[in-house]
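Below are the chains, spelled out letter by letter.
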Amino acid sequence: MRRLILFAAALALPLLVLAQTAQPVERTLNVIYLVPNDFGPLPGYRERLGKILLEMRDFYNRELARNGSPARLRMPIDPATGLVALEEVRGSHPLAGYPYEGGWKAALPDVQAYIEAHPRPDRSDRTLVIIPTYKDNPGVPFYGLGTFCFALDYEGFDYKDCGKDTPAGEKFKPWYGGMAHELGHGLGLPHTHATKSQAEQFGTALMGAGNRTLGFTPTFLTPGDCAFLESSPPCRVFAPRPLRKAEGFVPEVRRWGGTVRVSGRLPEGCSVRRIVAAYDKDDFGGVNDNYDAESFVVPFDASGRFDFAFPMAEIHPGRTGKVQIQLRLVHDDGTIELFRHTLD
Ligand code: ZN
């Protein structure tokens, strides 16, 4: 933990310098309400979802601040109501044309055509698409997909039910936490699990099982989550350098004195801003295999050198002893390069 704290302090200064030398455009998340051509919009959606999204944004921003990050998630605000403003897009398909499986293929062209026809100087490349439905479980796309993420609206989906031990509260819980979790994917976050001390102090990681706890029991963002968010366009507060990938980068990963150590050096001139290391147990490779992976921000020096030992006391035991280390290089512009190393 101490290494992480020192690292955060060391980074505060370069961030300030960057902020003074260039005034970046503050880009916002695109928030789209995609209405099927035979269903919706649902009553009061602008007020209901405007409030839900405002609370979600405030959760992200409280957690960024708690983690000492200068980044803030920006969503468009309706000046008349102070709520998050949704852009209504008329879909070209009926509700049945946007199924959970593969429905994104129908939704994306509708949304992309709208965004192209409605340019705005503060648009980012990240988009949350909400589709109204009358079905649960969930009936429409509900996942992150690159720079897009999908969630749903149902009649009566209302923030007044947040945290309530009532049937309406139980219904609210997975769709609210789920929307916040899928939004995390859309902003660039992989799955992660709380470390032992994080679990004790802060509860459930949003990008772990937090999709079923947010607003009900303590839920949080990890320092690793914040390292990703800092480069994500709707959160970034610095002017990014142009993308220069870490060509030829080869991290060394080895078991060492009861722990696992990762070391290496970033290529000179690459635009990597952060390194996040994950300790993924048992199963890996599939999109849902890393819910159990604790993650850590890896400090590196001015020449790009790093040497990091996973704090084993913070890591929950796996079932099989199989471990894959994942190193994610987070570039200024939000691009993420992933390196996997499976240990014998
Ligand atoms: Zn997920």
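In this text, all values refer to a predicted model and were calculated from it rather than measured experimentally.

## Describing helix H4 (residues 167–186)
An α-helical turn contains 3.6 residues, so a residue and the one three or four places further along point in the same direction.
Then, in step 1: Its 20 residues give H4 an end-to-end C-alpha distance of 29 Å, which sits within 8% of 28 Å, the value for a rise of 1.5 Å per residue.
Then, in step 2: By the largest-angle criterion, Lys173 marks the main kink of H4, which is about 30°, and a proline, Pro174, follows within four residues.
Then, in step 3: A positive phi of about 115° marks Gly188, the residue just after H4.

## Let's talk about the sheet that holds strand E14 (residues 336–343)
Then, in step 1: Pairing within the open sheet is antiparallel, and its four strands lie in the order E11-E10-E13-E14. Each having just a single partner strand, strand E11 (294–297) and E14 make up the two edges of the open sheet. When the angles between neighbouring strand axes are averaged without regard to direction, this sheet yields 20°.
Then, in step 2: Note: strand E10 (residues 272–281) against strand E13 (residues 323–331), nine bridges, orientation antiparallel.

## As for empty space enclosed by the protein
Unoccupied space between atoms shows up once a probe the size of one water molecule is rolled over them.
Then, in step 1: Applying the stated criterion across every chain, the model contains one cavity of 30 Å³ or more.
Then, in step 2: Looking at the largest cavity, its volume works out to about 60 Å³.
Then, in step 3: If you go around the largest cavity, the residues you meet are Pro190, His191, Thr192, Gly224, Asp225, Phe228, Val276, Ala278, Ala293, Ser295 and Arg328.
Then, in step 4: Elements that contribute at least two residues to the lining of the largest cavity include exactly helix H6 (223–229) and E10.
Then, in step 5: A per-element tally of the lining of the largest cavity places H6 first, with three residues.
Then, in step 6: Taken together, the residues of the lining of the largest cavity break down into five nonpolar, four polar and two charged.

## Let's talk about the coordination of the zinc ion
Then, in step 1: On the protein side, the zinc ion has His181 (NE2), His185 (NE2) and His191 (NE2) as donor atoms, found 2.0 to 2.1 Å from it.
Then, in step 2: Donor residues for the zinc ion, ordered by position in the chain, follow H-x3-H-x5-H. Of this pair, His181 and His185 both sit in helix H4, separated by four residues, roughly a single helical turn. Comparing His181 with His185, the two get one shared label, buried.

## Regarding the sheet that holds strand E5 (residues 148–153)
Then, in step 1: Judged by pairing direction, the sheet is mixed, and its five strands sit side by side in the order E2-E1-E3-E5-E4 without closing on themselves. Every interior strand has two partners, whereas the edge strands, strand E2 (87–90) and strand E4 (144–145), have only one.
Then, in step 2: For strand E1 (residues 28–35) and E2, the ladder comprises four bridges, and the chain directions are parallel. Among the inter-strand pairings, Val35 is bridged to a residue of E2, identified as Arg90.
Then, in step 3: The strands touched by H4 within the sheet are E1, strand E3 (123–132), E4 and E5, with E5 carrying the most contacts at an inclination of about 165°.

## Examining the packing of aromatic side chains
Then, in step 1: In this structure the tally under the stated criterion is 19 aromatic pairs.
Then, in step 2: Judged by centre distance (3.8 Å) and plane angle (5°), the rings of Tyr33 and Tyr45 are stacked. One end of the pair, Tyr33, is in strand E1; the other, Tyr45, is in helix H2 (residues 45–66), and 12 residues separate them in sequence.
Then, in step 3: Judged by relative accessible area, which is 6%, Tyr45 ranks as buried.
Then, in step 4: Aromatic ring contacts, followed pair by pair, group Tyr154, Phe157, Tyr159, Phe172, Tyr176 and Phe216 into a single cluster.
Then, in step 5: Taking NZ or CZ as reference, Lys173 lies 5.0 Å from the ring centre of Phe216, over its face.
Then, in step 6: The residue whose ring lies beneath Arg261 is Trp256, and the NZ or CZ to ring-centre distance is 3.9 Å.

## A short note on the pairing of strand E12 (residues 305–309)
Then, in step 1: The alternating pattern of E12 places Phe306 and Phe308 on a buried face and Arg305, Asp307 and Ala309 on a face that is not buried.
Then, in step 2: Where strand E9 (residues 259–265) lies against E12, five bridges are found, and the strand directions are antiparallel. The partner of Gly264 across the bridge, within E12, is Phe306.

## Focus on the confidence of the model for the protein chain
Then, in step 1: When pLDDT is averaged across the protein chain, the result is 92; 92% of the residues are at 70 or more.
Then, in step 2: The low-confidence segment residues 1–21, where pLDDT is below 50, has 21 contacts with residues more than four positions distant or belonging to other chains.

## Notes on the side chain of Glu230
Then, in step 1: Note that Glu230 resides in the loop between H6 and strand E8 (252–256).
Then, in step 2: The class for Glu230 is buried, based on a relative accessible area of 8%.
Then, in step 3: Non-local contacts of Glu230, meaning those with residues more than four positions away in its chain, are made with Ser69, Pro70, Ala71, Arg236, Phe238 and Arg274.

## Regarding the pattern of salt bridges
Then, in step 1: One pass over the full model with this rule turns up 20 salt bridges.
Then, in step 2: For the salt bridge of Lys51 with Glu55, the shortest nitrogen-to-oxygen distance reads 2.6 Å. Of this pair, Lys51 and Glu55 both sit in helix H2, separated by four residues, roughly a single helical turn.
Then, in step 3: The class of Glu55 is buried, set by a relative accessible area of 18%.
Then, in step 4: Notably, a salt bridge pairs Glu87 with Arg123, separated by 2.9 Å at the nearest N-O pair. Taken together, the residues span a long stretch of sequence, with Glu87 in strand E2 and Arg123 in strand E3 at a distance of 36 residues.
Then, in step 5: Beyond isolated ion pairs, a larger network of salt bridges with shared partners links Glu87, Arg120, Asp122 and Arg123.

What counts, and at which threshold
- Residues numbered from 1 in each chain as written.
- Predicted model: local features only at pLDDT ≥ 70, side-chain atom pairs only at ≥ 80, totals over all residues.
- Heavy atoms only, no water.
- Helix = DSSP H or I, 4+ residues; strand = E, 2+ residues; numbered from the N terminus.
- Expected span 1.5 Å × (residues − 1).
- Bend = angle between axes of the 7 residues up to and from the residue.
- Pairing = 2+ DSSP bridges.
- Axes fitted to C-alpha atoms, helices over the stretch in contact; angles between N-to-C directions.
- 1 Å grid on protein atoms, 1.4 Å probe; cavity = no way out; pocket = protein on both sides within 12 Å on 5 of 7 lines; lining within 4 Å.
- Points joined across faces, edges and corners; volume = space filled by probe spheres on them.
- Nonpolar A, V, L, I, M, F, W, Y, C, P; charged D, E, K, R; others polar.
- Donors = N, O, S within 2.8 Å, 3.2 Å for Na, K, Ca; no water.
- Buried < 20%, exposed > 50% of the residue type's maximum accessible area, 1.4 Å probe, protein only.
- Contact = heavy atoms within 4.5 Å.
- Phe/Tyr/Trp six-rings, centres within 6.5 Å; stacked < 30°, edge-to-face > 60°.
- Lys NZ or Arg CZ within 6 Å of the ring centre and 35° of its normal.
- pLDDT = per-residue confidence, 0-100.
- Salt bridge = Lys/Arg side-chain N within 4 Å of Asp/Glu carboxyl O.

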